[in-house]
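Coordinate inspection notes
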Amino acid sequence: MKRISSEGITGQSAGLLVDSGVVDVWTARVSMHGRNLAALRRNLGEGEKQRAAQYRFEKDRLRFEVRRGVLRQLLGRYLALPPERVQLATEPHGKPCLAGACARTGLQFNLSHSGDFIYLAFARGFAVGIDVECRRPVPDVLYLARRFFARDEWEALASLDADGQEEAFLRCWTRKEAFVKATGTGLASLAGFSVSVLPGQPAALLACQPAMGPVGSWQVHDLPEEGGCLAAVAAASPKMTVVLRTLAVGG
């Protein structure tokens, strides 16, 4: 994986480019970008402003505004458009996507958030999904795995001692969530495919339903742990290079 630290980006008119087979993964912090809240609010569409106003607690409203403001800021850079003019829609299972003329550019994106962290993935010409989970106690790991995971996954978890189960569960969850978000099939499909689980195994899609495409047409990668958060990215591409970027405040 390549790592690039972006201390601000200029040249919106030129747009950012994503090379073939590349997934740009950006990380941002709500606590940092919240200092630029007024500018991020200007990025939002009317529907997003109305949705933000419905949050009961200020902290939840701020997190939503920062997440969507940052998303639109980056989409605007890739599309060479003012952020507020980016056309967005929602797929049947809730996955956000580009609409109208923006969709015809072939740009694909996905985002995830946990605690203070925002992760965003961008690709061109193929679907992409991303998930981040901050480390936390997970009670009833085996019960959750047996209820929601594929049989081979929860059997793999059951083979580990108690100390290893929680780590393996979170790794498995981020890989599965990233894949589900890439396919846009929703959480109901979690048991319909399996990913690697055991410690030491590289992230990989091991099996999936025929409707999801051949296993070899997908890539799943773990991302470096940051601030106690685990993350994974999945893409509908037989080859994937991940470029890691950090979005600076005002960048």
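For the structure, check the block above.
First, a word on scope: everything that follows refers to the structure included in this document. (Residues numbered from 1 in each chain as written. Predicted model: local features only at pLDDT ≥ 70, side-chain atom pairs only at ≥ 80, totals over all residues. Heavy atoms only, no water.)

On the secondary structure map, S194 appears in strand β8 (residues 193–195). Aside from chain neighbours lying at most four places away, what touches S194 is A150, D152, E153, K176, A204, L205, L206 and A207. (Helix = DSSP H or I, 4+ residues; strand = E, 2+ residues; numbered from the N terminus. Contact = heavy atoms within 4.5 Å.)

Attention now goes to the pattern of salt bridges. Per the stated rule, a full pass over the model turns up 14 salt bridges. Between R245 and D24 there is a salt bridge, and its shortest N-O distance comes to 3.5 Å. A residue pair is termed long-range when its members are at least 10 positions apart, and R245 in strand β12 (residues 241–247) and D24 in strand β2 (residues 22–29) qualify at 221 residues. Just as R245 is buried, D24 falls in that class too. The network of salt bridges with shared partners includes R135, E167, R171 and E225. (Salt bridge = Lys/Arg side-chain N within 4 Å of Asp/Glu carboxyl O. Buried < 20%, exposed > 50% of the residue type's maximum accessible area, 1.4 Å probe, protein only.)

Another aspect to go through is the sheet that holds strand β11 (residues 229–235). Spatially, the three strands line up as an open sheet ordered β7-β11-β10, and their pairing is antiparallel. The strands lining the two open edges of the sheet, one partner per strand, are β7 (128–134) and β10 (219–226). Geometrically, the sheet is characterised by an average inter-axis angle of 15° between neighbouring strands, direction not taken into account. Across seven bridges, the pairing between β7 and β11 is antiparallel. Paired with D131 across the strands is A232, a residue of β11. (Pairing = 2+ DSSP bridges. Axes fitted to C-alpha atoms, helices over the stretch in contact; angles between N-to-C directions.)

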